[in-house]
Amino acid sequence: MDGNVLLALGLTLFAGLATGLGALIAFFTSRTNKKFLSVALGFSAGVMIYVSLVEIFVKAKDALTASLGETEGYWMTVIGFFGGMVFIALIDRFIPKKNNPHEVKTVEDVHEAELNSKVIDEQKLMKMGVFTALAIAIHNFPEGIATFMSAIQDPSVGVAIAIAVAIHNIPEGIAVAVPIYFATGNRKKSFKLSFLSGLAEPIGAVVAYLILMPFLTDTMFGIIFAAVAGIMVFISLDELLPAAKKYDETHLSIYGLVAGMAVMALSLLLLA
């Protein structure tokens, strides 16, 4: 178990710090590679949706039916699944749209921000930057818990989810860096805050380890795992696919979605 814990923490740290990679892309490239982002986001959504519905939900159901019985266990799995969706939806609901880090941004927005930052009130800009940094931290926290709990139960599933989360954190890093740069006019500070905001994911993992692990009975595990499946599906449908379609020029996002599902299916078959 100790080995699994270290692996789970490492995977969550890897996924969270991918936000910094997005910031680097924003500041050191002149144009957004929309085709890459469209395919990558679609791929990430495909991995998350497939593994959530085919693997995580089923394991949650097996654990809950074994501990609570067939009927009650199935009901509890469904409640946990939609409870996870409600949880992440409430987080999105209470974050203003303009500060939401999942709102699509492009590298070109950095240059526009550079011009606009010279003519907008400094106090308003700083407030925007603070809210954006807080928003990304709040969004990443439950993702960290989901990645950690998945890796604890099944390292192969945890690796897949960590890669999917890392991929979706790259454009998220762009989305965070642009408004913070808009607020400060300082590339170094924008990168630093964007990079640090990704640490909310490993922090979520540490919280899960310290608070949830001591009480991790079969029933508790099943409920949490069902909620993780709900969170992953909601993120895919509400954030990843819409963002992929906004970057899309043809049907690349759907090709990426199918490829993500296929890769996830193949990996589960080979590791079975």
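What counts and how
Residues numbered from 1 in each chain as written. Predicted model: local features only at pLDDT ≥ 70, side-chain atom pairs only at ≥ 80, totals over all residues. Heavy atoms only, no water. UniProt positions renumbered as here; feature names shortened; annotations may be inferred. Helix = DSSP H or I, 4+ residues; strand = E, 2+ residues; numbered from the N terminus. Buried < 20%, exposed > 50% of the residue type's maximum accessible area, 1.4 Å probe, protein only. Contact = heavy atoms within 4.5 Å. Areas by Shrake-Rupley, 256 points an atom, 1.4 Å probe, with all protein chains shown as cover. Phe/Tyr/Trp six-rings, centres within 6.5 Å; stacked < 30°, edge-to-face > 60°. Expected span 1.5 Å × (residues − 1). Bend = angle between axes of the 7 residues up to and from the residue. Core = buried A, V, L, I, M, F, W, Y, C linked by side-chain atoms within 4.5 Å. Arc of directions from axis to C-beta. Salt bridge = Lys/Arg side-chain N within 4 Å of Asp/Glu carboxyl O. Axes fitted to C-alpha atoms, helices over the stretch in contact; angles between N-to-C directions. Parallel < 35°, antiparallel > 145°, perpendicular 65-115°, else oblique. Left-handed = near helix turned anticlockwise from the far one by under 90°. Patch = residues over 30% accessible without salt bridge, like charges linked within 9 Å, V, L, I, M, F, W, Y side chains within 5 Å.

In the annotation of an unreviewed UniProt entry, the protein chain is listed under the name Zinc transporter ZupT and assigned to Ureibacillus galli. Here is the UniProt Catalytic activity (unreviewed entry) comment for the protein chain, exactly as written: "Zn(2+)(in) = Zn(2+)(out)". As recorded by UniProt, the Function (unreviewed entry) comment attached to the protein chain reads in full: "Mediates zinc uptake. May also transport other divalent cations."

What am I meant to see in the overall build of the protein chain here?
Counting its secondary structure elements, the protein chain contains 10 helices and 0 strands. For the protein chain, the sequential pattern of α-helices and β-strands runs α-α-α-α-α-α-α-α-α-α. Taking all 272 residues of the protein chain together, the buried fraction comes to 50%. The contacts of the protein chain with a sequence gap of at least 6 include a subset with a gap of at least 24, amounting to 88%. Carbon and sulfur atoms provide 70% of the accessible area of the protein chain, an area that totals close to 12,600 Å².

Explain the packing of aromatic side chains to me, please; I cannot follow it from the model alone.
Between two aromatic rings, the relevant description is the distance of the centres plus the angle of the planes. For the structure on display, the rule yields 5 aromatic pairs. Through successive ring pairs, a cluster of aromatic residues spans Phe57, Phe81 and Phe82.

What's the story with helix H9 (residues 218-247) in this structure? I'm lost.
Three- or four-residue spacings in an α-helix give side chains the same orientation, since the helix completes a turn every 3.6 residues. For H9, with 30 residues, the first-to-last C-alpha span of 42 Å sits near the 44 Å given by 1.5 Å per residue. The largest bend in H9 is about 40 degrees, located at Ser236.

Help me understand the UniProt feature "binding site: Zn(2+)" (unreviewed entry) in the protein chain in this model?
In the numbering used here, UniProt assigns the "binding site: Zn(2+)" (unreviewed entry) feature to Glu143, His168 and Glu172. For the annotated residues, spread through 30 residues, the largest C-alpha to C-alpha distance comes to 13.0 Å, consistent with a single compact locus. For His168, the location among the structural elements is in helix H6 (residues 155-184). Assignment of secondary structure puts Glu172 in helix H6. Using a relative accessible area of 2% as the deciding quantity, one classes Glu172 as buried.

Explanation requested: the nonpolar core in the structure shown.
Generally speaking, a soluble globular protein has its nonpolar side chains buried in company with each other. Formed by 56 residues in total, the largest nonpolar core has its most connected members in Met48, Ile56, Phe148, Ile161, Val228, Met232 and Ile235. It is H9 that contributes the most residues to this core, 16 residues altogether. Residue contacts for Ile161: discarding those within four places in its chain leaves Val51, Ile56, Thr147, Ser150 and Met232.

Help me understand the UniProt feature "binding site: Fe(2+)" (unreviewed entry) in the protein chain, please; the structure alone is not making it clear to me.
As annotated by UniProt and renumbered to match this structure, "binding site: Fe(2+)" (unreviewed entry) occupies Asn140, Glu143, Asn169, Glu172 and Glu201. The greatest C-alpha distance among the annotated residues, which extend across 62 residues, is 13.3 Å, indicating that they converge on a single site. Summarising the element assignment, Asn140 is placed in helix H5 (residues 122-153). Leaving out residues up to four positions away in the same chain, Asn140 has contacts with Thr19, Asn169, Glu172, Ser197, Gly198, Ala200 and Glu201. Structurally, Glu201 can be placed in helix H8 (residues 200-212). The contacts of Glu201, once residues within four sequence positions are left out, are Thr12, Ala15, Gly16, Asn140, Glu143, Gly144, Val165 and Asn169.

Is there a simple way to explain helix H7 (residues 187-197) in this structure?
Taken as a whole, H7 has its buried residues at Ser190, Ser194 and Ser197. One face of H7 carries all of its buried residues, which in axial projection span an arc of 60 degrees. Residues of H7 that are exposed and point more than 90 degrees away from the buried face comprise Lys188 and Lys192.

Can you help me understand the pattern of salt bridges in this one?
Where charged atoms of side chains with opposite charge meet at close range, the side chains can pair. Per the stated rule, a full pass over the model turns up 3 salt bridges. For the salt bridge of Lys59 with Glu55, the shortest nitrogen-to-oxygen distance reads 3.2 Å. Of this pair, Lys59 and Glu55 are both found in helix H2 (residues 34-68), 4 residues apart, which corresponds to roughly one turn of the helix. Judged by its relative accessible area of 17%, Glu55 is buried.

Help me out: how do you make sense of the packing of helix H3 (residues 70-93) against H9 in this one?
In a pair of packed helices, the angle between the axes and the distance between the axes together describe the arrangement. Look at H3 against H9: their axes get within 7 Å of each other, and the N-to-C directions meet at 45 degrees. When the axes of H3 and H9 are compared, the pair comes out oblique. Crossing of H3 against H9: the hand is right-handed. Side by side, H3 and H9 meet where Met76, Thr77, Gly80, Phe81, Gly84, Met85, Phe87, Ile88, Ala89 and Asp92 of the first sit next to Ile223, Ala226, Ala227, Ala229, Gly230, Ile231, Val233, Phe234, Ile235, Asp238 and Glu239 of the second.

Is there a simple way to explain a nonpolar patch on the surface in this structure?
A contiguous nonpolar patch, built from Val206, Tyr209, Leu210 and Ile211 and spanning about 370 Å² of accessible area, is present on the exposed surface. Positionally, Tyr209 belongs in helix H8. By relative accessible area, which is 35% here, Tyr209 ends up partly exposed.

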